[in-house]
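So the chains spell out like this:
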Amino acid sequence: MRAALDAISATVLAEQDFVPLTTSRCFTLAMSDIGETNLLPPLAQTLQGAAPGLRLNIRRLDPASVVAQLRTGAVDMALGNLPDIAGTDLISTNIWCETYVCLMAESHPAAGQPLTRAEFSALRFVDAGGMAPGFSRIQASLADQKLHRQIAMTVALYSGVPEILRRTDLAALYPYSAALQANARGGFYLSPLPVALPETRVGVHYHSQFDADPGIRWLHGTMVSILNSLAPPAYDPKATQTWN
């Protein structure tokens, strides 16, 4: 009982030490390039008003090392899909379930109709999924269903893919929410896939040993709120061409 009371007292005292409006603390976040593109602008806007002195250091999300980085405090918080975190003592708040679509320019010869298996296999793809957390499960599911992608180009970042597609007849296997963002001003066709793929969960993660840290909890709540506001509409294969 005494230990529990001491822990509560320490938490209360710590909360008094973190004031968002006056803090100059630096937090290290890990996220993908899609996370940087979609989350950082509204997060920066929020921090400018709520915590103008707070500083951020952004790292690329490395699925192989991020759990260890969160455990040691090298990374304060991670954003994205971390599918293999059972038993890691991470605190995770999942915001939405992500699925994949086939993204292509609206001028693409295959645009306008849902893809058949044969049409999908005939496409030439830009592949940016190699470093994406959980993408190995997507690849395994395609292989299990004997659906093959012809890879014409492999790139390191998702963020440059839409402009490549806009100028070519290439296609990309792309997260649905990011595809909707890319198509905010039109110009693309989002085709449902000819097979079902496993959903991935997008969330915010930090290690439980830092749960008493008021700065961590405040930033976690802020990021969760922003992500909730960015959550895409439910996936609908008949309504995937626009998102305002």
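Summary of the structure given here. (Residues numbered from 1 in each chain as written. Predicted model: local features only at pLDDT ≥ 70, side-chain atom pairs only at ≥ 80, totals over all residues. Heavy atoms only, no water.)

**Some thoughts on the sheet that holds strand β3 (residues 77-80)**
The strands that make up a sheet pair up through hydrogen bonds in the backbone, lying either parallel or antiparallel.
Consideration 1: One open sheet accounts for five strands, arranged β2-β1-β3-β10-β4; its pairing is mixed. Strand pairing shows two members of the sheet lacking a second neighbour, β2 (55-60) and β4 (90-98), which therefore form its edges. Each strand axis lies, on average, 20° off the axis of its neighbour in the sheet, ignoring direction.
Consideration 2: Inspection of the sheet shows β4 paired to strand β10 (residues 200-207) by eight bridges, in the antiparallel sense. Bridging from a neighbouring strand, Trp96 pairs with Val202 of β10.
Consideration 3: Where helix α2 (residues 33-50) meets the sheet, it contacts β1 (26-31), β2 and β3, and its direction lies at approximately 150° from that of β1. (Pairing = 2+ DSSP bridges. Helix = DSSP H or I, 4+ residues; strand = E, 2+ residues; numbered from the N terminus. Axes fitted to C-alpha atoms, helices over the stretch in contact; angles between N-to-C directions. Contact = heavy atoms within 4.5 Å.)

**Some words on α2**
Consideration 1: For α2, with 18 residues, the first-to-last C-alpha span of 25 Å sits near the 26 Å given by 1.5 Å per residue.
Consideration 2: The sharpest bend along α2 reaches about 45° and sits at Leu39, with the proline Pro41 one to four residues further on.
Consideration 3: When α2 is considered as a whole, its buried residues turn out to be Asp33, Ile34, Gly35, Asn38, Leu39, Leu43 and Leu47.
Consideration 4: Close packing links the buried residues of α2 with β1, β2, β3, β8 (171-175), α7 (176-182) and α8 (214-230). (Expected span 1.5 Å × (residues − 1). Bend = angle between axes of the 7 residues up to and from the residue. Buried < 20%, exposed > 50% of the residue type's maximum accessible area, 1.4 Å probe, protein only.)

**Considerations on the pattern of salt bridges**
Consideration 1: Under the counting rule described, the total for this entry stands at four salt bridges.
Consideration 2: As a salt-bridge pair, Asp127 and Arg149 come within 3.4 Å of each other at their nearest N and O atoms. Residue Asp127 is located in strand β6 (residues 124-127), and its partner Arg149 is located in the loop between α5 (135-144) and β7 (150-154); the two are separated by 22 residues in the primary sequence. The exposure classification of Asp127 matches that of Arg149, with both residues buried.
Consideration 3: A single network of salt bridges, built from pairs that share partners, joins Glu163, Arg166 and Arg167. (Salt bridge = Lys/Arg side-chain N within 4 Å of Asp/Glu carboxyl O.)

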